[in-house]
Amino acid sequence: MKEKYNYMRRRRQEINKENLHEFYSLEEETGCWLWNRARNQRGYGLKKFKEKITAAPRIVYELVNGPFARHLVICHKCDNPPCINPGHLFAGTQKENCQDAVAKGRTAHNTGPNSGTAKLTRRNVLEIRSMWAAGYSVISLAKRYDVAVSTIWSIFKGKTWRHVQLNEQIASSVSE
Ligand SMILES: [Zn+2]
């Protein structure tokens, strides 16, 4: 009974700058803030905001930067839909521009201490996991993908890339 009450309260909880931290889990290697509530099929968080179901990155962008023009698209520098880290979000005028900007920004994004992880794509992660299962060593995988051995380990330990789900793995093996 009590659990149910808490659940209902959690669902109805409004989001604001002060309680924002309750709505995500930090992914340490990438610095992404992964939305921990309802998501749509593409992985974007969804939440009622100002009486309307709104994509989580739009909510957070507004909370941090103030209201913005409705036609603007909120893009991810990290290319990770569930992420709501304000430092990873920027406003673009249309989706194409979003992707161009992300592509141009990639080099800059890769110079940080997390470059090893930032360099890998979801596809790489899936490949690494299956190669590891097939018997490749961690060191050989690190060399092959030009990342630190610790980066490969983090993938296996589930510290990073947890959002690359098993169903994605199945989907990608089917499409091959
Ligand atoms: Zn991010």
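Thresholds, definitions, all that
Residues numbered from 1 in each chain as written. Predicted model: local features only at pLDDT ≥ 70, side-chain atom pairs only at ≥ 80, totals over all residues. Helix = DSSP H or I, 4+ residues; strand = E, 2+ residues; numbered from the N terminus. Buried ≥ 20, exposed ≤ 12 C-beta atoms within 10 Å, placed from the backbone. Contact = placed C-beta atoms within 7 Å. Core = buried A, V, L, I, M, F, W, Y, C linked by C-beta atoms within 7 Å. pLDDT = per-residue confidence, 0-100.

Trainee: Lay out the overall build of the protein chain with the relevant residues and their values.
Mentor: Summing up its helical and strand segments, the protein chain has 8 helices and 6 strands in all. Listed by position from the N terminus, the elements making up the protein chain come as α-β-β-β-β-α-β-β-α-α-α-α-α-α. A total of 176 residues make up the protein chain; the buried ones form 25% of that total. Relative to all contacts within the protein chain whose residues are 6 or more apart in sequence, the contacts with residues 24 or more apart total 49%.

Trainee: Any chance you could break down the nonpolar core for me, citing the residues and the numbers?
Mentor: W33, L34, A56, V60, C83 and I84 are the most contacted members of the largest nonpolar core, which totals 18 residues. Those residues in contact with I84 that sit more than four places away from it in its chain are Y24, W33, W35, G45, A56, P57 and V60. Listed in part, the 8 residues of the second largest apolar core include V125, L141, V147 and I152.

Trainee: Summarise the confidence of the model for the protein chain; cite the residues concerned and give the values.
Mentor: With 70% of its residues at a pLDDT of 70 or more, the protein chain shows a mean pLDDT of 77. Element-level mean pLDDT values for the protein chain span from 45 in helix α8 (residues 166–175) up to 95 in helix α2 (residues 56–65). Note on residues 107–117: pLDDT under 50 across the span, and 15 contacts to partners over four residues away in sequence or across chains. Note that pLDDT drops below 50 for residues 169–176; the model gives that stretch 2 contacts with residues more than four away or on any other chain.

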